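# Coordinate inspection notes
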Amino acid sequence: MAEQVNQRIEDMINELEQMRRTELYDDEEIREISRKRKEFEYHIQRRVKQKEDFAQYIAYELTLLEDISARRKRNKLGEKKKDIEYAIAKRLNKVFKQFIYRFQDDVKIYFEYIKFCKSVGFDYAISGIIGQMLQVHGDKPKMWQLASRWESKEQNNLDNARNFLLKGIQRHPDSEDLYLELFDIELIALTFKAESDDDRAKQVERVNIVWRNGAKKISSVEYLLKIFDLCMKYEIKESFVDDIKQQIWSQNANKEVWSYIASKELQGCHWEQIEEFVNEDDIFSKELNYFNSVYQQALKKFSDKNLCTRYIHELLGVNESVCSDLLKIQAVKNAWMYGHENGVLTDEMYAFGIKMYKLEQGADFEKTIKNLESSMKTSPLCLWEEKLLISKSDEKKMLMLLQEAKKTMKANDLLHLYNLALDNVTSDVTLKELYKQFQNCEHAALLEIKPKLLKKMYDHNGIRAARLLYEDLIRTPPTQIGVHLHMIDIEMAQEKPNVKNIRKYYECAVQHHGTDNVDIWMKYMTFETENNAQAAPGIYRRAVGMLKKELVDAFIKAQTLSKIK
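Since the model is a prediction, treat every value here as computed from it, not as a measurement. (Residues numbered from 1 in each chain as written. Predicted model: local features only at pLDDT ≥ 70, side-chain atom pairs only at ≥ 80, totals over all residues. Heavy atoms only, no water.)

With respect to the element layout, Gln480 can be found in the loop between α24 (450-474) and α25 (481-492). Gln480 sits in the buried class, given a relative accessible area of 15%. Excluding residues that lie within four positions of it along the chain, Gln480 makes contacts with Leu447, Glu448, Lys450, Pro451 and His513. (Helix = DSSP H or I, 4+ residues; strand = E, 2+ residues; numbered from the N terminus. Buried < 20%, exposed > 50% of the residue type's maximum accessible area, 1.4 Å probe, protein only. Contact = heavy atoms within 4.5 Å.)

This is how it looks when you write it as structure tokens:
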């Protein structure tokens, strides 16, 4: 191995000497380059080869090439490029070949090699690299596609590109990517290469064969849609385009077809089959009218909420060339109302529509809410929210709405409504009524609001009312840890905190939550350390005794850290 490395180093002497003569590098820098190369050569010649060794060597030499280029530019040097840069490129080429030979399974190496060849002008070698790659990785359709793209995009050789794809399709007859790539190549040839009428006729036949063969092998409707997109990209008007459109329509049991056709109608690409269910509307353009009719027919056929959401989203993105902003708003309102009347709006779409009407109608919005609710079997959360907000000036009505909501709403939605009601309560009477509802509460979700109710009672009626409510809340378990913590915070916020009361709240908290809450014990310890240090050791022992075994270590560690701080 040493002899082979020394021979390679000797082969570099002329190159290093030319670096010195041209004053690209000084003696010390050249010695460092020589040392690094020797080190890299030993690494790649080891019996057990490592990818990193090759990658680092290649990276070093590529960086050196960039540095040489920068120094030449800075010092305005042009001579001896063949002896320096070309020599480095040739050596790198050999290292890449070794790299690929040793690690043929790694696809990335081939592409790094191709990138290198492009950067140093070794384009002639790339076809060979691609051929070698396909011998090893021909079982991957993507490799044939990439090979074809190199030939078509970089080499402008459609024949070679086509050959790669045909060979790939022989090995992968079900590959959608390869058929689409071949169709693209044939369309390029039809658009830019067919000069005579005879050539064009032959190329049309070729394109026709490719898409039909693909359609026989690939059953997914997405293949047909992508084929048609390619035809539109090249503005193809040949008769086979109508055949593709007919084939797409034949798949209309798939809702994706309806969405696709609707979007194409906006682009001026028309399907005659949709005319039977088009509703003429003079205020909209022909394209927008077709678009609306297709989506509405699709919603009758599939009754799909996601499809309705897509309908509205696409309308929001309609180009100004199709309709003005005012007409777009009207079209969106029509679509939303269609979705509402047919029960295909998601909760998010309901919220969007209600905001839209609220912004537009202002004071008349309450009438819209009533009209919407009258035509619905169940009201979505956003509608309940608006009803509650509209009623906030009449708090009795708001309480009635909450009682009504409890009969039909999901737990999380009901919790949200009660939170909203608490945020908007202004009178003590209503607050007390809400409290009565909590006392008789059978809905477990509403128990989560106890801490907020306590804070609201304090804000409205002061410390005395908060203490009475706290006493009542802890008599009706379960209690949330937040109830105790809120009461402690309220008591601590007083001008003269009542230590006796705070201690009682901590005791209640550890009784209810002391088995699985380390934090409450930590807070209790801190409180007693500041107010009655002699009590702290007893609380520590109680915590260790009450906490679950898996939490004891966490408590001890937290206590130790708090003492250090």
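Below, the discussion takes up the packing of helix α18 (residues 347-361) against helix α20 (residues 381-390). For the pair α18 and α20, interaxial distance at closest approach is 9 Å and the crossing angle is 35 degrees. Contacts between α18 and α20 pair Asp347, Tyr350, Ala351, Ile354 and Lys358 from the former with Cys382, Leu383, Glu386 and Leu389 from the latter. (Axes fitted to C-alpha atoms, helices over the stretch in contact; angles between N-to-C directions.)

To continue, consider the UniProt feature "domain: U3 small nucleolar RNA-associated protein 6 N-terminal" (unreviewed entry) in the protein chain. The positions UniProt marks with the feature "domain: U3 small nucleolar RNA-associated protein 6 N-terminal" (unreviewed entry) are residues 9-91. Spanning residues 9-91, this segment combines 78% helix with 0% strand, and its end C-alpha atoms are found 11 Å apart. (UniProt positions renumbered as here; feature names shortened; annotations may be inferred.)

A few words on the nonpolar core. In terms of nonpolar packing, the biggest core is built from 123 residues, with Met19, Phe183, Phe240 and Leu288 touching the most fellow members. The leading source of residues in this core is helix α10 (residues 176-193), at ten residues. The residues contacting Met19, other than those within four sequence positions of it, are Leu24, Tyr25, Ile30, Ile33, Arg37, Leu64, Ile68, Ile84 and Ile88. Among the nonpolar cores identified, the runner-up in size contains 54 residues, and Met409, Met457, Phe527 and Ala536 belong to it. (Core = buried A, V, L, I, M, F, W, Y, C linked by side-chain atoms within 4.5 Å.)

Let us now look at the pattern of salt bridges. Note on pairing: side chains with opposite charge can pair once their charged atoms come close. Taken as a whole and judged by the stated rule, the model has 40 salt bridges. Taking the shortest distance from any N to any O, the salt bridge between Arg46 and Asp53 comes out at 2.5 Å. On the basis of relative accessible area, Arg46 is assigned to the partly exposed category, the value being 33%. Residue Asp53 is classed as buried on the basis of its relative accessible area of 7%. A salt bridge links Lys202 to Asp198; the nearest nitrogen and oxygen atoms lie 3.7 Å apart. Linking Lys202 with Asp198, this pair stays in helix α11 (residues 197-217), spanning four residues, or about one helical turn. What makes Lys202 exposed here is its relative accessible area of 56%. Through salt bridges with shared partners, a single network forms among Glu15, Arg37, Glu61 and Arg91. (Salt bridge = Lys/Arg side-chain N within 4 Å of Asp/Glu carboxyl O.)

Turning our attention to helix α29 (residues 549-564). In an α-helix, one turn spans 3.6 residues, which is why side chains three or four residues apart end up on the same side. Between the first and last C-alpha of α29 there are 24 Å, a value that for 16 residues agrees with the 22 Å anticipated at 1.5 Å per step. Of the residues making up α29, those classed as buried are Val552, Phe555 and Gln559. Around the axis of α29, the buried residues are gathered within 65 degrees of arc, so they sit on the same side. When the buried face of α29 is taken as reference, the exposed residues oriented beyond 90 degrees from it are Glu550, Asp553, Lys557 and Ile564. Among the structural elements, α27 (518-531) and α28 (536-546) are those in contact with the buried residues of α29. (Expected span 1.5 Å × (residues − 1). Arc of directions from axis to C-beta.)

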